[in-house]
Amino acid sequence: MSTRVTSLTLSGIDQLPTHARRCVFWEMDPGAVRGARDFCDPEFEKEAWLSMVMLQWGSCAQLATVDDKPAGCAFYAPPNMVPRAQLFPTSPVSADAILLTSMRIEPYADDLDLGSQLIRAVVDDLVRRNVRALEAFGIRATDDAEQNSGVPTATAALDCSPLECMIPADFLEDMGFEVVAPHPRFPRLRLELNRDHGWKEEVEAALDRLIEAASITIAELDGSRTPVGAR
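Residues numbered from 1 in each chain as written. Predicted model: local features only at pLDDT ≥ 70, side-chain atom pairs only at ≥ 80, totals over all residues. Heavy atoms only, no water.

## Digging into the overall build of the chain
Quick note on the threshold: Helix and strand definitions here come from DSSP, where helices need a minimum of 4 consecutive H or I residues and strands a minimum of 2 consecutive E residues; each element is numbered from the N-terminal end. A 1.4 Å probe rolled over the protein chains alone gives each residue an accessible area, and that area as a share of the maximum for its type sets the label: buried under 20%, exposed over 50%, partly exposed in between. By definition in these notes, contact holds between two residues if any of their heavy atoms fall within 4.5 Å. Methods summary: accessible areas were calculated by the Shrake-Rupley approach with a probe of 1.4 Å, and residue burial reflects only the protein chains presented.
Scanning the chain from N- to C-terminus turns up 7 helices and 8 strands. A burial count over the chain gives 44% of its 231 residues as buried. Long-range pairs, those at least 24 residues apart, make up 70% of the contacts in the chain between residues at least 6 apart in sequence. Surface accessibility of the chain: about 12,300 Å² in total, with carbon and sulfur atoms responsible for 52%.

Put into structure tokens, the structure is as follows:
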């Protein structure tokens, strides 16, 4: 079984799982969605949003496949490109952060730990783009019926709702996110990319190794030279 996680491209939008391709929970203003319920084509609106963000900012999603079959995805973008990002009691997202909006895993891939792989892929992409932090609005259960500490799966209803389209706060905390704006229902969490994932330390360690290797080479060259007076 071959698992891959790759950045979503414009030509790959049709590879998204069904719910992710139609979900506009984050991408459209809730008022506009209600007002145009009978006229709105969610799949068209989602593709339009993805195209806009990709053209203006770059890739904004990671797609997981298992044996070339769509298995999960994660979406992220600058908060000013995400209409719903301003509407939470714990808004706004920090000025130096990118917003992780949603993640979904297909039911057949539930046991493959794709959630952590998708988070790692998002982090790796943002580190390469010199982003300082990743934030997300998590959701906490209000009763036993809502208890879920994992990534939402496609077995859920296709209708968009907070439970369907938000990431459980417990899962985010398991991935290293920390609560920066507490709330009993919608906490905002943050992952410091230069601290929790040690990318600066890794670069500095690599530079130290290069300097050490260069010093050894110079020392060896100096040692191999025959002093003039010894000839």
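Having seen it, we continue.
## So, the nonpolar core
What counts here: Residues grouped as a nonpolar core are buried Ala, Val, Leu, Ile, Met, Phe, Trp, Tyr and Cys residues, joined through side-chain atoms within 4.5 Å.
With 30 residues, the main nonpolar core has Leu-16, Trp-26, Leu-50, Phe-137 and Met-166 as its most contacted residues. Of all the secondary-structure elements, those providing two or more residues to this core are α3 (42-56), β2 (61-66), β3 (69-77), β4 (97-105) and β5 (133-139). It is α3 that provides the largest number of residues to this core, a total of 4 residues. Membership of the second largest hydrophobic core comes to 28 residues, among which are Ala-71, Leu-100, Ile-105 and Leu-114.

## Topic: the packing of aromatic side chains
Any pair of aromatic rings gets described here by the distance separating the centres and the angle formed by the planes. Formally: Working definition: rings of Phe, Tyr and Trp (its six-membered ring) pair if their centres are within 6.5 Å, and the pair is stacked with planes under 30 degrees apart, edge-to-face with planes over 60 apart, and tilted otherwise. To sit over a ring, a charge needs its Lys NZ or Arg CZ within 6 Å of the ring centre and within 35 degrees of the ring normal.
Evaluation of the coordinates by the stated rule reveals 6 aromatic pairs. Residues Trp-26 and Phe-88 carry aromatic rings whose centres are separated by 5.5 Å and whose planes lie at 25° to one another, so their mutual orientation is stacked. Pair noted here: Trp-26 is in the loop between α1 (18-22) and α2 (30-35) and Phe-88 is in the loop between β3 and β4, with a separation of 62 residues, a long-range link. Judged by relative accessible area, which is 10%, Phe-88 ranks as buried. Of the aromatic side chains, those joined through ring pairs into one cluster are Phe-25, Trp-26, Phe-88, Phe-137 and Phe-186. The side chain of Arg-84 reaches across the aromatic face of Phe-25, ending 3.7 Å from its centre.

## Observations concerning unusual backbone geometry
Note the cis peptide between Ser-91 and Pro-92, where omega equals 5°. Turning to its location among the elements, Pro-92 is positioned in the loop between β3 and β4. Residue Asp-67 is not a glycine yet carries a positive backbone phi of 55°. Mapped onto the elements of the fold, Asp-67 is located in the loop between β2 and β3. Look at Asp-67 and you get partly exposed, because its relative accessible area is 47%.

## Here's the deal with the pattern of salt bridges
One side chain can pair with another of opposite charge once the charged atoms of both are near each other. Applicable threshold: Within this document, salt bridges are pairs made up of a side-chain nitrogen of Lys or Arg and a carboxyl oxygen of Asp or Glu, the two lying within 4 Å of each other.
Applying the stated criterion to the full structure yields 12 salt bridges. Among the salt bridges present, the one from Arg-120 reaches Asp-124, with a minimum N-O distance of 2.6 Å. Taken together, the residues span about one helical turn, with Arg-120 and Asp-124 both in helix α4 (residues 114-128) at a distance of 4 residues. Residue class for Arg-120 comes out partly exposed when judged on its relative accessible area of 36%. Given the relative accessible area of 29%, Asp-124 is considered partly exposed. One salt bridge connects Asp-125 with Arg-129, and the closest N-O pair in it is separated by 2.8 Å. Taking the relative accessible area as the measure of exposure, Asp-125 reaches 8% and is therefore buried. Look at Arg-129 and you get partly exposed, because its relative accessible area is 27%. Several salt bridges share partner residues, and in doing so they unite Asp-96, Arg-132, Glu-135, Arg-188, Arg-190 and Glu-192 into one network.

## Some words on the side chain of Gln-62
The criterion, for reference: Pairing of N or O atoms within 3.5 Å defines a polar contact, subject to two protein rules: one partner must be a possible hydrogen donor and the other a possible acceptor, and residues neighboring in sequence count only if both atoms are side-chain atoms.
With respect to the helices and strands, Gln-62 occurs in strand β2. Within the structure, the side chain of Gln-62 is placed 3.0 Å from the side chain of Ser-7, a separation counted as a polar contact. Among the polar contacts listed, one links the side chain of Gln-62 to the side chain of Tyr-76, at a separation of 2.9 Å. For Gln-62, the residues in contact, after removing those within four places along its chain, are Val-5, Thr-6, Ser-7, Gly-72, Cys-73, Ala-74, Tyr-76, Leu-118, Ala-121, Val-122 and Asp-125.

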